[in-house]
Amino acid sequence: MIDDREAMEAALAEARAAAEAGEVPIGAVVMRDGEILARGQNRVLCSNDPTAHAEIVVLRAAATALGNYRLNGCTLYVTLEPCAMCAGAMVHARLDRLVYAAADPKAGACGSALSVLNHPQLNHEIQVEQGILAEESAELLRNFFRERR
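Residues numbered from 1 in each chain as written. Predicted model: local features only at pLDDT ≥ 70, side-chain atom pairs only at ≥ 80, totals over all residues. Heavy atoms only, no water.

> Would you explain the packing of aromatic side chains in this entry?
Each aromatic ring pair is specified by the distance between its two centres and by the angle formed by the two planes. All chains considered together, the criterion is met by one aromatic pair. Each ring, one from Phe144 and one from Phe145, has its centre 5.2 Å from the other, and the planes form 85 degrees; the classification is edge-to-face. (Phe/Tyr/Trp six-rings, centres within 6.5 Å; stacked < 30°, edge-to-face > 60°.)

So, in structure tokens, the structure goes:
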């Protein structure tokens, strides 16, 4: 049985792999019943796909693993607060829970810049937790962009 910290460490490992591939270092995992169901990382550049954020990649992999686009009973762990696109996809997938590491004050859609998740007019609520390994995630992003400048 994997706990929240171990799941976020797995997401950070995906983020590091994304950085090694030249992608923005964001990683994600989906868990169900205490086990990792799917892993994903940013693939925007290598896939030439603006929707290939880590969250979308991992949602697709989890849906394939379950044979269902509804991810009831699942938790998504991601190293950076999701954007509006990813937050919307999570609502449609009917995730039970989202855990993210670092807040994204410029584009985060879980309360930082926008509040897409748990908007009162939406028909699904997701439990949201933040801050697990936030400093490690933020440092990985800072180092990545520092090297690019």
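On we go from here.
> Where do I start with the sheet that holds strand β1 (residues 27-32) in this structure?
Strand pairing within a sheet occurs via backbone hydrogen bonds; the two strands may be parallel or antiparallel. One open sheet holds the five strands; their spatial order is β2-β1-β3-β4-β5, and the pairing between them is mixed. Pairing within the sheet leaves two strands with one partner each, and these edge strands are β2 (35-41) and β5 (127-130). The mean inter-strand angle of the sheet, taken between neighbouring strand axes irrespective of direction, is 15 degrees. Sheet topology places β1 next to β2; six bridges connect them, and they run antiparallel. What sits directly across from Met31, in β2, is Ile36. Along the sheet face, helix α3 (residues 54-66) touches β1, β2 and β3 (74-80) and points at about 140 degrees away from the line of β2. (Pairing = 2+ DSSP bridges. Helix = DSSP H or I, 4+ residues; strand = E, 2+ residues; numbered from the N terminus. Axes fitted to C-alpha atoms, helices over the stretch in contact; angles between N-to-C directions. Contact = heavy atoms within 4.5 Å.)

> Would you mind showing me how to read α3 here?
Helical geometry: 3.6 residues make up each α-helical turn, so side chains three or four residues apart lie on a common side. Counted at 1.5 Å a residue, the expected span for α3 with its 13 residues is 18 Å, and the 18 Å between its end C-alpha atoms agrees. Looking only at α3, the buried set comprises Ala54, Glu55, Ile56, Val57, Val58, Leu59, Ala62 and Ala63. In the core, the buried residues of α3 are packed alongside β1, β2, β3 and α4 (84-93). (Expected span 1.5 Å × (residues − 1). Buried < 20%, exposed > 50% of the residue type's maximum accessible area, 1.4 Å probe, protein only.)

> Honestly, the pattern of salt bridges in this entry has me stumped. Any pointers?
Where side chains of opposite charge bring their charged atoms close, a pairing between them can arise. Taken as a whole and judged by the stated rule, the model has six salt bridges. For Arg97, the salt bridge identified is with Asp4, shortest N-O distance 2.5 Å. Here the residue Arg97 occupies a position in strand β4 (residues 97-102), and Asp4 occupies one in helix α1 (residues 4-20), the gap between them amounting to 93 residues. One network of salt bridges, in which partners are shared, links Asp4, Arg97 and Glu129. (Salt bridge = Lys/Arg side-chain N within 4 Å of Asp/Glu carboxyl O.)

> Just to check I follow, could you spell out the side chain of Arg97 for this structure?
Classification of Arg97 as buried rests on a relative accessible area of 14%. A polar contact of 3.4 Å, which involves the side chain of Arg97, links it to the side chain of Tyr77. Sequence-distant contacts of Arg97, that is, excluding residues within four places in its chain, are made with Asp4, Cys74, Thr75, Leu76, Tyr77, Ile126, Gln127 and Glu129. (Polar contact = N/O pair within 3.5 Å; in protein donor to acceptor, adjacent residues only side chain to side chain.)

> Hey, could you run me through the nonpolar core in this one?
For soluble globular proteins, the rule of thumb is that nonpolar side chains tend to be buried together. Among the nonpolar cores identified, the biggest contains 31 residues, and Leu71, Leu76, Met90, Leu95, Leu98 and Leu117 are the most heavily contacted of them. Ranked by residue count, the leading element in this core is α3, at six residues. Leu71 has contacts with Leu59, Ala62, Ala63, Leu66, Ala93, Arg94, Leu95 and Asp96, leaving out every residue within four places of it along the chain. Grouped together as the second largest cluster of nonpolar side chains are 13 residues, Ala10, Ala11, Tyr77 and Val99 included. (Core = buried A, V, L, I, M, F, W, Y, C linked by side-chain atoms within 4.5 Å.)

> Can you walk me through the environment of Glu35 in this structure?
Secondary-structure assignment places Glu35 in strand β2. Take Glu35: its relative accessible area is 44%, and that puts it in the partly exposed class. Along the primary structure Glu35 and Cys74 are separated by 39 residues, whereas in three dimensions their C-alpha atoms are 9.9 Å apart. For Glu35, the contacting residues outside a window of four places in its chain are Met1 and Val30.

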